[in-house]
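Structural characterization, general
Residue-level listing of the chains:
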Amino acid sequence: MNQSIADAEARTGVQIVLTVVERSDVYAELPWKAFALGASCAGLLVLIMNAIWPLTSPTQAMFLAMIMMLVPAAGFALLTVFVPDFARLFLPAHRAEAETRQYAESLFLSRQLFAAPERKAVLLLVSLFERRVVVLPDTGLVRKLNQGATAKVIQSMRPHLVAGRTAQALEAGLQKMEEMIVQPEVSHELPNIIEEKGA
């Protein structure tokens, strides 16, 4: 992979950094959201059971209700820690997008990619937990790697990421980025002065 990046940098004259992170944030609220959902669902079940089969002893009813509510709630919370697919159910898409981009911007600054010649540097970040890709170009590349171009880069990676082939996804993204960078720019500017004879 390092050789592929070096070859792409040599052909484009751009500093390219690829990175894969496990997750872009700790999301401490996810277990609590799952706990609340588990407790709510279990509480509803306890209410229904108490209406159908009421217990004669208030102490037994209270003890049973506590057990039936806390066990599922704790189980849901633990699932968010050990099962990423379950934890993602409690993560809003906009939050995942924002945290991944924020992590990419922080990494871009901490690694001082802005120091590249002519501000021609780009960071391609894959965040596994959020299942998000961020293409972050510096100011020298924003015309080449605009929103449409970065969308094409991400689209080329998506089939590999869905299949769990992260290395192949990075290769596809690198190749597509190189294509976007080396293609000639098309000028749509109109002339400032037009001289014609007229009718």
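So, here's what we can say about the structure. (Residues numbered from 1 in each chain as written. Predicted model: local features only at pLDDT ≥ 70, side-chain atom pairs only at ≥ 80, totals over all residues. Heavy atoms only, no water.)

**As for the packing of helix α2 (residues 29-52) against helix α3 (residues 58-82)**
If you want to describe how two helices pack, look at the angle between their axes and the distance between the axes. As a packed pair, α2 and α3 sit with axes 7 Å apart at the nearest point and diverge in direction by 150°. If you check the angle between α2 and α3, you find them roughly antiparallel. For the pair α2 and α3, the crossing hand works out as right-handed. Contact with α2, carried on its side by Leu30, Pro31, Ala34, Phe35, Leu37, Gly38, Ala39, Ala42, Gly43, Leu45, Val46 and Met49, involves Ala65, Met68, Met69, Leu70, Pro72, Ala73, Ala74, Phe76, Ala77, Thr80 and Val81 of α3 and no other residues of that element. (Axes fitted to C-alpha atoms, helices over the stretch in contact; angles between N-to-C directions. Helix = DSSP H or I, 4+ residues; strand = E, 2+ residues; numbered from the N terminus. Parallel < 35°, antiparallel > 145°, perpendicular 65-115°, else oblique. Left-handed = near helix turned anticlockwise from the far one by under 90°. Contact = heavy atoms within 4.5 Å.)

**Digging into the packing of helix α6 (residues 147-162) against helix α7 (residues 166-182)**
The interhelical angle for the contact between α6 and α7, taken along N-to-C directions, is 160°, at an axis separation of 8 Å. When the axis of α6 is compared with that of α7, the two are roughly antiparallel. Note on packing geometry: the crossing formed by α6 with α7 is right-handed. On α7, the residues that touch Ala149, Lys152, Val153, Ser156, Met157, His160 and Leu161 of α6 are Thr166, Gln168, Ala169, Leu170, Ala172, Gly173, Lys176, Met177 and Met180. When grouped by side-chain class, the residues that make up the contact of α6 with α7 number 9 nonpolar, 5 polar and 2 charged. (Nonpolar A, V, L, I, M, F, W, Y, C, P; charged D, E, K, R; others polar.)

**Quick notes on the pattern of salt bridges**
Across all of its chains, the model carries 11 salt bridges by this definition. In this structure, the salt-bridge partner of aspartate 25 is arginine 95, at a minimum N-O distance of 3.3 Å. Of this pair, aspartate 25 sits in the loop between β1 (15-21) and α2 while arginine 95 sits in helix α5 (residues 93-110), placing them 70 residues apart in sequence. Exposure remark for arginine 95: the relative accessible area of 24% places this residue in the partly exposed category. Where glutamate 118 meets lysine 120, a salt bridge forms, and the shortest distance between an N and an O atom there is 3.6 Å. Judged by its relative accessible area of 63%, glutamate 118 falls in the exposed class. Each of Asp25, Glu29, Arg95 and Glu99 takes part in salt bridges that share partners, so that together they form one network. (Salt bridge = Lys/Arg side-chain N within 4 Å of Asp/Glu carboxyl O. Buried < 20%, exposed > 50% of the residue type's maximum accessible area, 1.4 Å probe, protein only.)

**Here's the deal with the nonpolar core**
Core analysis: the largest hydrophobic core is formed by 22 residues, its most contacted members being Ile16, Leu18, Val122, Leu124, Leu145, Met157 and Met177. Listing elements by their share of this core, those giving two or more residues are α1 (2-12), β1, β2 (121-127), β3 (132-137), α6 and α7. Per element, the largest residue contribution to this core is 6 residues, and it comes from α7. Once residues lying within four places of it in the same chain are set aside, the contact partners of leucine 145 are Val122, Pro137, Thr150, Met177, Met180 and Ile181. (Core = buried A, V, L, I, M, F, W, Y, C linked by side-chain atoms within 4.5 Å.)

**Remarks on the layout of surface pockets**
The space that makes up the largest pocket amounts to roughly 310 Å³. If you trace the largest pocket, you find it lined by Arg88, Val126, Ser127, Leu128, Arg131, Arg132, Arg158, Leu161, Val162, Gly164 and Thr166. Going through the elements one at a time, β2 and α6 are the ones with two or more residues in the lining of the largest pocket. Sort the elements by how many residues they give to the lining of the largest pocket and α6 lands first, with 3 residues. Tallied by class, residues from the lining of the largest pocket come to 4 nonpolar, 3 polar and 4 charged. For the second largest pocket, the calculated volume is near 210 Å³. Around the second largest pocket sit Glu97, Arg101, Val133, Val134, Val135, Pro137, Leu145, Asn146, Gln147, Thr150 and Ile154, which together line it. Those elements that place two or more of their residues in the lining of the second largest pocket are α5, β3 and α6. No other element matches the 4 residues that β3 contributes to the lining of the second largest pocket. (1 Å grid on protein atoms, 1.4 Å probe; cavity = no way out; pocket = protein on both sides within 12 Å on 5 of 7 lines; lining within 4 Å. Points joined across faces, edges and corners; volume = space filled by probe spheres on them.)

**Some points on the side chain of arginine 132**
Along the chain, arginine 132 turns up in strand β3. Within the structure, arginine 132 has its side chain in polar contact with the backbone oxygen of alanine 93 (distance 3.5 Å). Once you skip the residues sitting within four places of it in the chain, arginine 132 turns out to touch Ala93, Ala96, Glu97, Thr100, Leu125, Val126 and Ser127. (Polar contact = N/O pair within 3.5 Å; in protein donor to acceptor, adjacent residues only side chain to side chain.)

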